[in-house]
Amino acid sequence: MPRTLKNVVFYLVLALMALAFFAPFYFMVVGAFQENPTNTPGDLFPTDGWTLQNVASINERISLVRSLANSLVFALGVLAGTLTFGLLAGYALARLQWRGRTSLFVVMLGVQMVPFQLLMIPLYVQVASYYQLGDTYAGMILPFLINTAAVFIFRQFFRALPESIFEAARIDGAGELRVLWSVAIPMVKPAIATVVLITFIGPWNEFLWPFLITKDASIQPLAVALANFISNAARAEANPNGVILAGACALALPVVILFCLFQKHFRPSDIGAGVKG
Amino acid sequence: MITRLFGRQPFGLAIAAPYIVFLAVVMAYPLAYAVWISFYDYVFAAPGVSLDHEFVGLANYRAALTDPRVQQSFVNIVVFLAINVPLTVSLSMVLASALNAITRWTAAFRVAFYVPYVTASVSLIGVWMLLFSEDGIVNSILGPLAPSPSWLVNDALAMPSIALFVTWKQLGFYILLYLAALQAVPRELYESASTDGAGALQRFWHITVPGVRSTTLIVLILSIIVGANLFTEPYLLTNGGGPDGASSSPVLLIYQKGIQQGNPDVASAIGVLLVIGVGLLSLISTRLTKES
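Residues numbered from 1 in each chain as written. Chains lettered and ligands numbered in written order. Predicted model: local features only at pLDDT ≥ 70, side-chain atom pairs only at ≥ 80, totals over all residues. Heavy atoms only, no water.

The cut-off we apply is this: UniProt positions are given in the numbering used here, feature names are shortened, and annotations may be inferred rather than shown by experiment.
The name an unreviewed UniProt entry gives chain B is Multiple sugar transport system permease protein, with Brachybacterium sacelli as the organism. Checking UniProt for chain B, the heading Subcellular location (unreviewed entry) contains the comment "Cell membrane". UniProt lists a comment for chain B under the heading Sequence similarities (unreviewed entry), and it reads "Belongs to the binding-protein-dependent transport system permease family."

For chain A, an unreviewed UniProt entry supplies the name Multiple sugar transport system permease protein and the organism Brachybacterium sacelli. The UniProt entry for chain A carries the following text under Subcellular location (unreviewed entry): "Cell membrane". Its UniProt record gives chain A a comment under Sequence similarities (unreviewed entry), which states: "Belongs to the binding-protein-dependent transport system permease family."

Brief notes about the UniProt feature "domain: ABC transmembrane type-1" (unreviewed entry) in chain B
To keep it simple, the criterion reads: In this description a helix means any DSSP run of H or I spanning at least four residues, a strand means any run of E spanning at least two, and both kinds are numbered starting from the N terminus.
As recorded in UniProt, the sites labelled "domain: ABC transmembrane type-1" (unreviewed entry) are residues 74-285 of chain B. Spanning residues 74-285 of chain B, this segment combines 75% helix with 0% strand, and its end C-alpha atoms are found 19 Å apart.

Some points on the environment of A:Val106
Mapped onto the fold, A:Val106 is located in helix α4 (residues 101-111). Residues A:Val106 and A:Val8, spaced 98 residues apart in sequence, show a C-alpha to C-alpha distance of 48 Å.

Points about the UniProt feature "transmembrane region" (unreviewed entry) in chain B
Residue and element names in this part refer to chain B. Mapped onto this structure's residue numbering, the UniProt feature "transmembrane region" (unreviewed entry) falls at residues 12-36, 74-99, 111-131, 157-180, 211-231 and 266-284. Annotated as residues 12-36, this span is 100% helix and 0% strand, and its ends, taken at the C-alpha atoms, are 33 Å apart. For residues 211-231, helix accounts for 81% and strand for 0%, while the C-alpha atoms at its two ends are 34 Å apart.

A word on the confidence of the model for chain A
The condition is simple: What pLDDT conveys is the predictor's confidence in a given residue, as a value from 0 to 100.
For chain A, per-residue confidence averages 91 on the pLDDT scale, and 99% of positions sit at 70 or higher. When mean pLDDT is compared element by element in chain A, helix α6 (residues 137-141) of chain A scores highest at 97, while helix α14 (residues 268-276) of chain A scores lowest at 81.

Examining helix α2 (residues 10-38) of chain B
Convention followed: Here the expected span of a helix is defined as 1.5 Å times the quantity of residues minus one. Given a residue, its bend is the angle between the two axes fitted to the seven residues that end at it and to the seven that start from it.
Its 29 residues give α2(B) an end-to-end C-alpha distance of 39 Å, which sits within 8% of 42 Å, the value for a rise of 1.5 Å per residue. Along its length, α2(B) reaches its greatest deviation from straightness, about 50 degrees, at B:Ala17, and the proline B:Pro18 lies no more than four positions downstream.

A look at the interface of chain A and chain B
Quick note on the threshold: By definition in these notes, contact holds between two residues if any of their heavy atoms fall within 4.5 Å. Using a 1.4 Å probe, buried area is obtained as the accessible area two parts lose upon being combined, added over both of them. Counted as salt bridges are all cases of a side-chain nitrogen of Lys or Arg within 4 Å of a carboxyl oxygen of Asp or Glu. Pairs of N or O atoms within 3.5 Å make up the polar contacts considered here, provided that, within protein, one atom can donate a hydrogen while the other can accept it, and that residues adjacent in sequence are counted only when both atoms are side-chain atoms.
Taken together, the contact pairs 88 residues of chain A with 94 residues of chain B. Contact between chain A and chain B buries roughly 8,000 Å² in total, counting both sides, with carbon and sulfur atoms accounting for 80%. At the junction of chain A and chain B, the tally comes to zero salt bridges. Along the contact surface separating chain A from chain B lie eleven residue pairs in polar contact (both at pLDDT 80 or more).

Digging into the UniProt feature "domain: ABC transmembrane type-1" (unreviewed entry) in chain A
UniProt tags residues 68-262 of chain A as "domain: ABC transmembrane type-1" (unreviewed entry). A distance of 21 Å separates the end C-alpha atoms of residues 68-262 of chain A, which is 77% helix and 0% strand.

Section: the UniProt feature "transmembrane region" (unreviewed entry) in chain A
Residues and elements named next belong to chain A. On the UniProt side, "transmembrane region" (unreviewed entry) is annotated at positions that read residues 9-33, 72-93, 105-125, 137-158, 179-202 and 242-262 here. Helix makes up 100% of residues 72-93 and strand 0%, whereas the separation of the span's terminal C-alpha atoms amounts to 30 Å. Secondary structure content for residues 179-202 is 96% helix and 0% strand, and the end C-alpha separation is 31 Å.

Things to note about helix α2 (residues 53-61) of chain A
Owing to its 3.6 residues per turn, the α-helix aligns residues three or four sequence positions apart on the same side. Residues and elements named next belong to chain A. Note the threshold: The cut-offs for exposure are 20% and 50% of the maximum accessible area for each residue type, with area from a 1.4 Å probe on protein chains only; residues under the lower value are buried, those over the upper are exposed, and the others partly exposed. Of all possible arcs, the one meant is that of the directions from the helix axis to the C-beta atoms.
Those residues of α2 not exposed but buried are Asn 54, Ser 57 and Ile 58. Axial view of α2: buried residues confined to an arc of 95 degrees, hence all on one face. Residues of α2 that are buried sit in contact with α1 (3-32), α3 (64-95), α12 (222-233) and α13 (240-262).

Some points on the packing of aromatic side chains
Definition in use: Here the aromatic set is Phe, Tyr and Trp, taking the six-membered ring for Trp, and pairing holds for ring centres within 6.5 Å; pairs whose planes are under 30 degrees apart are stacked, those over 60 apart are edge-to-face, and all others are tilted. Over a ring means this: the NZ of a Lys or the CZ of an Arg is within 6 Å of the ring centre and within 35 degrees of the ring normal.
Applying the stated criterion to the full structure yields 41 aromatic pairs over all chains. Each ring, one from B:Tyr29 and one from B:Tyr33, has its centre 5.5 Å from the other, and the planes form 15 degrees; the classification is stacked. On the criterion of helical spacing, the pair formed by B:Tyr29 and B:Tyr33 is a turn pair, its members being four residues apart in helix α2. Aromatic side chains B:Trp128 and B:Trp168 sit 5.3 Å apart centroid to centroid with 45 degrees between the ring planes, which places their arrangement in the tilted category. Residue B:Trp128 is located in helix α6 (residues 121-131), and its partner B:Trp168 is located in helix α8 (residues 158-182); the two are separated by 40 residues in the primary sequence. Exposure class is identical for B:Trp128 and B:Trp168. Each is buried. Taken together, the ring pairs connect A:Phe21, B:Phe113, B:Trp128, B:Phe132, B:Trp151, B:Phe165 and B:Trp168 into an aromatic cluster. Here A:Lys215 stacks its cationic end above the ring of A:Phe211, 5.7 Å away from the centre of that ring. Here the guanidinium or amino end of B:Arg104 rests over the ring plane of B:Trp105, the centre of that ring lying 5.2 Å away.

Written as structure tokens, this is what we have:
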């Protein structure tokens, strides 16, 4: 086969694969605004039947504004914890000599291997009974407060900085916190962008833990509220498919848009470093 | 004195302390507690009430292992892993190589493959439920080839359908890991292989596959862990692990027994058994990917 033809076939196959990954999103967005989402391929490109009723219907069942706000508080809480404590821990692991540093690193590697679900029952007992944090934001946030993958990424970036700039800052009389705040952190801004993106996505999409720890609908994040709607109330709707898709859009779009805007910070090497340590 | 106790820069310990406390409270303590609960007769107590818990040895493990629903859930998860893990490793390696080779529209292609990974499972489950329902679009395309009963309510197809969903959803993440690994494979190897007359398939098999071996191990272990944690998909996609338990998973049973039915002791035993299983599978993966 000639080279150009080979290339065309290659791109075509890859494009078809990409389509298989993207098609359900098209179905979701179009169906969310249809009076009756199609089940036949012939009507995949609808010309009429557009409506906003599905959004209104899902909003009647689960207050979209309130549950989106809950999701936001949950995700931002995790983000704040990870940025504050993760930067400190990453810096300490990368640039400072202290006893226990190697052990901490080994423990972190182990943590990546423990399935969260084994911890689920004891965490539930701890958070709900001991600390009385059921139906609170704090209870939702606590198990995710510091993202270990983010600590790895910060460590990796701090290690890559030259020691000489730290020495220079110390000779100029800067204290350790000052060195971290004014010298080290500004130099790892790309890592911060990566960490913000991956740390935000996790809690925004998380289902199991907030589902366990929140019974009160007024504090549930959208993922939990929507799941409850799908498994309980959807059947009562006149257009259940459209309403489910409208809810799915409300949950998916903020993160998909955020991801598309910042996708250049979603770099293989950075995130690979976070997993491999 | 302080230097001898805490090292040359004790400030490091001070600023890492919150993270160390976090690991102890959220990881180490619950891990030990889960193992402890699994050997005791344990019920939830009202706040502030302390109960005596009786040591029961392996009774919870016996209860778990002899329960046919638990046995079925472990068989189900093996079926899941048998479909999900090989598909994940092969597809993500091949697609990452393809994405690494292209020079045009790279960002657009990558975004298309990553988007399911960054999207909430609950959203995508809502979409797949409709796509794969009895009168869904997949069946209307398949026509007479559509399975009956349909995908998610079919004994034999429910778990494979879930395995396909999870493979599709997670693939972007593993593609990302392979892309990182491919950057470290020297370009010259491919060039000299080409001049020696090696075709694309030969180059993939003899340079790419061995070149990303350590990432393959990570992908194997992570996909086993993710698979063993399966909960949301059987809970929502197949209505609590149906039909008739054909798609239930160990974690779904941990939830049902531990939190719905108030038997955290048996639930913890299931969790410990699950982790032992994951450990064994990871060990086998390590052996399989070792350089011979």
